Amino acid sequence: METNKPGRGFWVTTAILAVISIAGALYFWLMPSVQPWLPPEGGHPGDQVDWLFRFMASAAAVLYTFVVGYVIYFAIAYRRRRGDPPDALGVHVHDNTKLEIAWTVVPTLFVIVLSILSIKIWYVLQVQPTNGLVVESIGRQWYFTFRYPNVNGEVTDAMHLPVNMPVTLNLTSDDVIHSFWVPDMRLKADMIPGMINTIRFTPTRVGRYQIICTEFCGTGHSTMEKQTMVVQPMPAYLAWYHDWQQRNAHVSNAPPTVTSGTIALAGGNVAAGRALFSQKCSACHALGPFEQRIVGPGLRGVLHDESHPDLVDGDEATPADVAKILQNGFTGSMGHMPNQAQNGLSNKDIANLVAYLNTLK
Ligand code: HEC
Ligand SMILES: [Cu+2]
């Protein structure tokens, strides 16, 4: 007589799988002390995110062990044996109500528990209002800028935050989709043009943490990892904050636009131009010869290379014509050179950049 009752092999297999799955679950649960896979958490709710990660990994270890273990066991136990007729069929099991209820209820409960745990953390991370500091970050090809209350314009060096102060971080993009990721804080959210995504957290450990873009955003994408989140004690933070308040006191808060008319180049500051170049131009331009392309051409000797007397737009290489390209942008055979508004340049910035480019020989 054919039977569909599980035999002794099934129960032995179940016992072995139970032992393996407990070992697997323990490994993932104790993982931070077994072998630190992740950098130490720099803040809250990063600690909760790690807890959820360990819980999910442990639960997945149990699930994986049983699913794969039984697949292997059944494939061996119910294989076709020597002497079976070539058209032998397996036992047909159907209408086992208990079994069907079990395999519906158990995974459903499992998923419900996981969603409740995730939603609790998601609520803290994205919804729960907090008092504290509100900072904005804007993704650009290929760097991040930051806006602070009562600081004009944008901060371009790094994102400074006081330790143990709740932060509401509003994220957006000026061009294409970027993604803001700080592994040490377990924070990640997309930066989408025309949308604001908010994440909330409290940095609890003083230090300097890398900010990385994790959405492929063009040829300079891999360079969007140079800026940092600097968490510091309040006095140091305030010193930095007041410094930027002063530095940007004369910057307008209006979004940059393309100016009409010619830009006055007298008084351009070479040092300011050099600093700006490394922030806003070096993702696309090397300081090598014209042929050394990143996205646009190398700019060493853009004003002094006799083998390239003309600029890409066909005009003669003079400071005024370089300024015109920075002002209006240019699209040619190599691609798109962003205009003044897209690069976020004031007229003064352009004068400084041209003064700097004029020193390259
Ligand atoms: C997104 C990439 C990108 C950025 C950012 C960018 N450029 Fe360009 N630039 C280009 C491309 C591409 C060209 C060439 C366009 C063509 O001819 O096809 C170009 C051309 C130029 C030229 C003309 C060069 C020549 O030999 O004629 C100058 C000067 C220049 N860029 C300066 C700058 C400066 C200064 C900055 C920073 C404010 C900057 N660019 C930022 C892509 C960029
Ligand atoms: Cu990006």
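Visitor: Looking at this structure, I do not really get the overall build of the protein chain. What am I missing?
Guide: Secondary structure summary: the protein chain contains nine helices and 13 strands in total. Computed over C-alpha atoms, the radius of gyration of the protein chain comes to 30 Å, more than 25% over the 21 Å expected from 2.2 N^0.38 for 361 residues, which places it beyond the range of a compact globule. If one aligns the C-alpha atoms of the protein chain with their principal axes, the spans along those axes are about 100 × 55 × 35 Å. Burial statistics for the protein chain: of 361 residues in total, 24% are counted as buried.

Visitor: I'm lost on the site of ligand 1 in this one. Help?
Guide: By nearness alone, 28 residues border ligand 1, and Cys281, Cys284, Gly296, Gly332 and Met337 come closest of all. Mapped onto the shell around ligand 1, the elements with two or more residues apiece are helix 7 (319–328), strand 12 (330–332) and strand 13 (335–337).

Visitor: Any chance you could explain the domain arrangement of the protein chain here in plain terms?
Guide: Accessible area lost upon the coming together of the parts serves often as the stated size of an interface. Each domain of the protein chain was delimited in the assignment, giving domain 1 (8–79 + 95–126), domain 2 (133–247) and domain 3 (270–357). Taken over C-alpha atoms, the centre of domain 1 sits 55 Å from the centre of domain 3.

Visitor: Sorry, what's going on with the nonpolar core here?
Guide: Within the largest apolar cluster, 30 residues are counted, with the highest numbers of intra-cluster contacts made by Val182, Ile211 and Met229. At the level of secondary structure, the elements contributing two or more residues to this core comprise strand 3 (143–147), strand 4 (159–162), strand 5 (167–173), strand 6 (178–182), strand 7 (187–191) and strand 11 (228–232). Each residue touching Val182, except ones within four places of it in the same chain, is listed here: Leu187, Tyr209, Ile211 and Met229. Among the nonpolar cores identified, the runner-up in size contains 17 residues, and Leu276, Ala323, Leu326 and Ile350 belong to it.

Visitor: Please explain the sheet that holds strand 5 as it appears in this structure.
Guide: Sheets are built from strands that pair by backbone hydrogen bonding, the pairs being arranged parallel or antiparallel. What the five strands build is an open sheet, ordered 1-8-5-2-3; its pairing is mixed. The open sheet has two free edges, formed respectively by strand 1 (43–44) and strand 3, since each of these has just one partner strand. Looking at chain direction, strand 1 and strand 8 (residues 197–203) are connected through two bridges and run antiparallel. Paired with His44 across the bridge in strand 8 is Thr202.

Visitor: I keep staring at the sheet that holds strand 10 (residues 212–213) and nothing clicks. Help me out?
Guide: Taking strand neighbours across the sheet as the criterion, the three strands line up as 7-6-10 in an open arrangement whose pairing is antiparallel. A strand with exactly one partner marks an edge of an open sheet, and here the two such strands are strand 7 and strand 10.

Visitor: Which parts of the structure should I look at to understand the packing of helix 6 (residues 270–280) against helix 9 (residues 347–359)?
Guide: Two packed helices can be described by the angle between their axes and the distance between those axes. Packing of helix 6 against helix 9 brings their axes to within 7 Å, and their N-to-C directions diverge by 95°. Taken as axis vectors, helix 6 and helix 9 run roughly perpendicular relative to one another. Contacts from Val270, Ala272, Gly273, Arg274, Leu276 and Phe277 of helix 6 reach helix 9 at Asp349, Asn352, Leu353, Ala355, Tyr356 and Thr359. Taken together, the residues that form the contact of helix 6 with helix 9 break down as seven nonpolar, three polar and two charged.

What counts, and at which threshold
Residues numbered from 1 in each chain as written. Chains lettered and ligands numbered in written order. Predicted model: local features only at pLDDT ≥ 70, side-chain atom pairs only at ≥ 80, totals over all residues. Helix = DSSP H or I, 4+ residues; strand = E, 2+ residues; numbered from the N terminus. Rg over C-alpha atoms; globule rule 2.2 N^0.38 Å. Buried ≥ 20, exposed ≤ 12 C-beta atoms within 10 Å, placed from the backbone. Near = placed C-beta within 6 Å. Domains from an automatic or database assignment. Core = buried A, V, L, I, M, F, W, Y, C linked by C-beta atoms within 7 Å. Contact = placed C-beta atoms within 7 Å. Pairing = 2+ DSSP bridges. Axes fitted to C-alpha atoms, helices over the stretch in contact; angles between N-to-C directions. Parallel < 35°, antiparallel > 145°, perpendicular 65-115°, else oblique. Nonpolar A, V, L, I, M, F, W, Y, C, P; charged D, E, K, R; others polar.

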